Amino acid sequence: TLIGHFLELPFSYFNAFSLEEKFGFNRLTPKTFILDEAKSLALTATIAVPALYAMFALLRALPDSWWLFAWVAFMGLTLAMTVIYPTVIAPMFNKFTPMTEGDTKSRMEALLEKCGFESKGLYVMDASTRSTHGNAYFSGFSKAKRIVFFDTLLEKHSLEEIESILAHELGHFKYGHVRQMILQSAIVAFVGFAALYWAFSSGDFTGWFGLPNDPGVVLTALMLAQEPIAHLLKPLLSGRSRKAEFEADDFARQIVGKEPMIAALTRLTRDNLASLTPDPLYARFYFSHPPV
């Protein structure tokens, strides 16, 4: 993983300081870029390495049932991250400040009340320190939910457009898309751990390639094998995601009307220099959001 990360670094640097810079999106400095990379590596080491060794310890202690315990632990960590990420990890990279009093906050709070959405508050993220791209999202789970607006979004959009974007995000909440994504992750992870159990115990998988049936070798080989499998599943997962986005768009249309939603989506697409009319086949395969 480390080798792969460092091999990709030049491309990440080129993307930020050449491609994004060329079209006026980049706000990163080389110092911030290096610090972000260092923090990401440190977080990965802090979380993934202990988890990996814990899985191998389970494999030795419970050779027949370790994968079920590992799956339960993985899902527990996934659920915990919905609370840990917005409150602990995200602030390591960006500054989050409560939205100041005014028309924008009043309109957003009125919309939240109308939709019956309880949250820990409305926050503004200093996205402009890294990019000019605009976005908004809600994170967390249960009572730990918080709504985050990029400062770049607030700068470029009208109050009605911002309201429609929030209504779209609330649509995801209203239709239970977060719960559905967690369930989808649970199913995919269950299949993945079951495949690990089969590969570790049978020896068939490594035998196909003439490799030793060592847990580390098996894990590495399976991680490489899952990439083409994930690519084949891409159209199915993309289609599921687009369906959820359509539902959230329709919810926003019902709450704030269609004109603000059309204006917001069109402005977001144009400001981010995305294609308004992409190739239909490419969009069907890759796009997680419907073309405008």
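Here the structure is shown first, and the text comes after it.
Here we summarise the structure given alongside this text. Since we're looking at a predicted model, the values are computed, not measured.

Digging into the packing of aromatic side chains
Inference 1: By the definition in use, this model includes 19 aromatic pairs.
Inference 2: Ring geometry for Tyr 13 and Phe 33: centres 5.4 Å apart, planes at 85 degrees, overall edge-to-face. Taken together, the residues span a long stretch of sequence, with Tyr 13 in helix α1 (residues 2–22) and Phe 33 in helix α2 (residues 30–61) at a distance of 20 residues.
Inference 3: Residue Phe 33 is classed as buried on the basis of its relative accessible area, which comes to 10%.
Inference 4: Judged by centre distance (6.4 Å) and plane angle (90 degrees), the rings of Tyr 137 and Phe 150 are edge-to-face. A residue pair is termed long-range when its members are at least 10 positions apart, and Tyr 137 in strand β3 (residues 136–139) and Phe 150 in strand β4 (residues 146–150) qualify at 13 residues.
Inference 5: For Tyr 137, a relative accessible area of 23% translates into the label partly exposed.
Inference 6: Pairwise contacts between aromatic rings join Trp 67, Trp 71, Phe 190 and Tyr 197 into one cluster.

A few points about the side chain of Glu 163
Inference 1: Take Glu 163: it is sitting in helix α6 (residues 159–174).
Inference 2: Given the relative accessible area of 14%, Glu 163 is considered buried.
Inference 3: When neighbours within four sequence positions are excluded, Glu 163 is seen to be in contact with Arg 107, Met 108, Leu 111 and Val 256.

Side note on the pattern of salt bridges
Once their charged atoms are close, side chains differing in charge can pair, the charge on each being opposite to the other.
Inference 1: Tallying each qualifying case throughout the model produces seven salt bridges.
Inference 2: A salt bridge links Arg 107 to Glu 163; the shortest N-O distance between them is 3.0 Å. Here Arg 107 is found in helix α4 (residues 103–115), whereas its partner Glu 163 is found in helix α6, with 56 residues between them in sequence.
Inference 3: For Arg 107, a relative accessible area of 28% gives the class partly exposed.
Inference 4: Between Asp 250 and Arg 253 there is a salt bridge, with its nearest N and O atoms 2.8 Å apart. Of this pair, Asp 250 and Arg 253 both sit in helix α9 (residues 215–256), three residues apart, roughly one helical turn.
Inference 5: By relative accessible area, Asp 250 is classed as partly exposed at 30%.
Inference 6: Arg 253 gets classed as partly exposed once you look at its relative accessible area, which sits at 41%.

Focus: the nonpolar core
Generally speaking, nonpolar side chains in soluble globular proteins are found buried as a group.
Inference 1: In this structure, Leu 112, Leu 122, Ile 147, Phe 149, Leu 153, Leu 166 and Leu 170 are the most contacted members of the largest nonpolar core, which totals 30 residues.
Inference 2: Those elements that place two or more of their residues in this core are α4, β2 (122–125), β3, β4, α6, α9 and α10 (258–271).
Inference 3: Looking at this core, the element that brings in the most residues is α6, giving five residues.
Inference 4: When residues no more than four places from it in sequence are discounted, the contact partners of Leu 122 are Thr 97, Pro 98, Met 99, Lys 105, Met 108, Glu 109, Leu 112, Ile 147 and Phe 149.

Each value, and the rule that gives it
Residues numbered from 1 in each chain as written. Predicted model: local features only at pLDDT ≥ 70, side-chain atom pairs only at ≥ 80, totals over all residues. Heavy atoms only, no water. Phe/Tyr/Trp six-rings, centres within 6.5 Å; stacked < 30°, edge-to-face > 60°. Helix = DSSP H or I, 4+ residues; strand = E, 2+ residues; numbered from the N terminus. Buried < 20%, exposed > 50% of the residue type's maximum accessible area, 1.4 Å probe, protein only. Contact = heavy atoms within 4.5 Å. Salt bridge = Lys/Arg side-chain N within 4 Å of Asp/Glu carboxyl O. Core = buried A, V, L, I, M, F, W, Y, C linked by side-chain atoms within 4.5 Å.

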